[in-house]
There are 2 protein chains.
Amino acid sequence: MIAPTEGELSILRVLWEAGPLTVREVNDRLNRRLLKQRSAAEPPEKPIGYTTTLKLMQVMADKGLVHRDTSARSHVYTAAAGRERTQQGLLRRFVDSTFGGSRTQLVLRALGEGNPTSAELAEIKDLIKQLEKEDRHA
Amino acid sequence: MIAPTEGELSILRVLWEAGPLTVREVNDRLNRRLLKQRSAAEPPEKPIGYTTTLKLMQVMADKGLVHRDTSARSHVYTAAAGRERTQQGLLRRFVDSTFGGSRTQLVLRALGEGNPTSAELAEIKDLIKQLEKEDRHA
DNA sequence: AAATATATACGAAAGCTTTCGTAATTGCAA
DNA sequence: TTGCAATTACGAAAGCTTTCGTATATATTT
C-alpha cells in the first residue's frame, strides 16, 4: 500500500470518520474543520477550493488509496484501507526515519514529554500487562 | 525551529552520531550506509552524489538546521538542534497528522503491533512508574 | 610551474504534491 | 425548452525537495 501524503491523509481522516462521501461533502467537512480551528488571533486560513479536493481525490483513486463509485452523477468515495492499517504503515515509516527503527525510543519520547494523564497511563499499563501475558504463553 | 525534510533528516542523523563533519565526510557516511543496507536481492541503490549532499547542507544552513564553520577550505557543519529536541518536534507533528493529536493512541499502536520484548516493556513500565510519582507530587 | 584533484557556489532540471482555471457534462428549475 | 447550478475531467501553474552539471577557486602532486 502506498503511503498517503499529508493532504491525502487529511481526506482519509474525513472518510474514516464519516464513511463514504462525495467530493462536495469531503470538501465541506475539511473547510468546516478549518473554521473550527481558527481562533481570533491566528491568521485566517484560506479555505480549500472545491476542485483542489476533487483533484486530490482523483489522484488518490489512481493510487488506490480510495475506491469510488461512479454510478451516480456525484461519485462516492471510500477509504481503501482502514485507519488502523494505515496508521500502522505510517508509524513504521516514521519510526524508521526518526527513531532509527526503535519503537521503544518512540514510546519513551512520547510518554516522557507530554504530561500524560493517569487515565492514559493506566490504559498503557493495561496493554503492557496483556502483552506480557501473551509473551509468557509464546 | 523548522522541521527537516526526509533527506535533511538523514544528514542530521549522521551529524548527531559522528559530531561536526565536512560535506565529504557526511556524503561518505551516507553512501557507506547505503552499501550496508543493500542485500544481494535488493535493487542496487544509487549512491548520493557529492554535490547533492553539498547543496542539501547549504540549504540546511540557510534554514538554520545546521551551523557551519567556514574558516577552513572544507567547511565543517554541526547540527543546530539536538537529536532529542528535533525528535520531539517531529513527533508532535506526526501525532497531530496521523493520530489526531493523541499521544496515547500512538503509544498503544506502537506497542500493540511490534512484539516488544520483555526488556522493552520493562523499560516502559519503569518510565510509567516515574511519571506516576511525579503526577502524585504535582 | 603545470597538471591534477578537491572544494564551494549556483542555477536549473527533475520529480512530487497541491492549487487553480476552464471546458465539457449532467441535473434541475423557471 | 432554456437557463442556471453543480459535477467531473484535465492541464498547467505554483511551490517544495532533491539531483545534477558546470564554473570557479583552492590545495596537492608531479
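The structure under discussion appears in the preceding block.
These numbers were taken from a predicted model, which means no experiment stands behind them.

Rules used throughout
- Residues numbered from 1 in each chain as written.
- Chains lettered and ligands numbered in written order.
- Predicted model: local features only at pLDDT ≥ 70, side-chain atom pairs only at ≥ 80, totals over all residues.
- Heavy atoms only, no water.
- Contact = heavy atoms within 4.5 Å.
- Buried area = accessible area lost by both parts, 1.4 Å probe.
- Salt bridge = Lys/Arg side-chain N within 4 Å of Asp/Glu carboxyl O.
- Polar contact = N/O pair within 3.5 Å; in protein donor to acceptor, adjacent residues only side chain to side chain.
- Helix = DSSP H or I, 4+ residues; strand = E, 2+ residues; numbered from the N terminus.
- Nonpolar A, V, L, I, M, F, W, Y, C, P; charged D, E, K, R; others polar.
- Pairing = 2+ DSSP bridges.
- Axes fitted to C-alpha atoms, helices over the stretch in contact; angles between N-to-C directions.
- Phe/Tyr/Trp six-rings, centres within 6.5 Å; stacked < 30°, edge-to-face > 60°.
- Buried < 20%, exposed > 50% of the residue type's maximum accessible area, 1.4 Å probe, protein only.

A. Representation of the interface of chain A and chain B within the structure. Between chain A and chain B, the contact holds 37 residues from the first and 37 residues from the second. Of the roughly 3900 Å² buried between chain A and chain B, counting both surfaces, carbon and sulfur atoms make up 63%. Taken as a group, Gln87(A), Arg103(A) and Arg109(A) account for 14% of the area that chain A buries against chain B, more than any other trio of residues on that side. Inspection of the chain A/chain B interface yields 4 salt bridges. We note a salt bridge from Arg103(A) to Glu120(B), for which the minimum N-O separation is 3.8 Å. Remark: the boundary between chain A and chain B carries 12 residue pairs in polar contact (both at pLDDT 80 or more). At the level of elements, helix H1 (6-18), helix H4 (83-99), helix H5 (103-112) and helix H6 (118-137) of chain A are the ones that each hand at least two residues to the side of chain A that touches chain B. Split into classes, the residues belonging to the side of chain A that touches chain B amount to 16 nonpolar, 9 polar and 12 charged.

B. Region of the structure containing the sheet that holds strand S3 (residues 76-79) of chain A. Residues and elements named next belong to chain A. Strand order in the open sheet formed by 3 strands is S1-S3-S2, with antiparallel pairing between adjacent strands. This sheet does not close on itself; its edge strands, each paired only once, are strand S1 (21-22) and strand S2 (66-69). The sheet contact formed by S2 and S3 spans 4 bridges and is antiparallel. In the sheet register, His-67 faces S3, and the bridge partner there is Thr-78. Packed onto the sheet, helix H3 (residues 50-63) meets S2 and S3 and runs at close to 110 degrees relative to S2.

C. View of the packing of aromatic side chains. Counting across every chain of the model gives 3 aromatic pairs over all chains. Here the aromatic rings of Phe94(A) and Phe99(A) are separated by 6.0 Å at their centres, their planes lie at 70 degrees, and the arrangement is edge-to-face. Here the two residues Phe94(A) and Phe99(A) agree in accessibility, since each one is buried. A ring pair is formed by Phe94(A) and Phe94(B), whose centres lie 4.2 Å apart and whose planes are at 15 degrees; its orientation type is stacked. In this pair, Phe94(A) sits in helix H4 while Phe94(B) sits in helix H4 (residues 83-99), so the two residues belong to two different chains. Assigned by exposure class, Phe94(A) and Phe94(B) land together as buried. Clustering of aromatic rings is evident, with ring pairs tying together Phe94(A), Phe99(A), Phe94(B) and Phe99(B).

On their own, these measurements won't tell you what the molecule is for.
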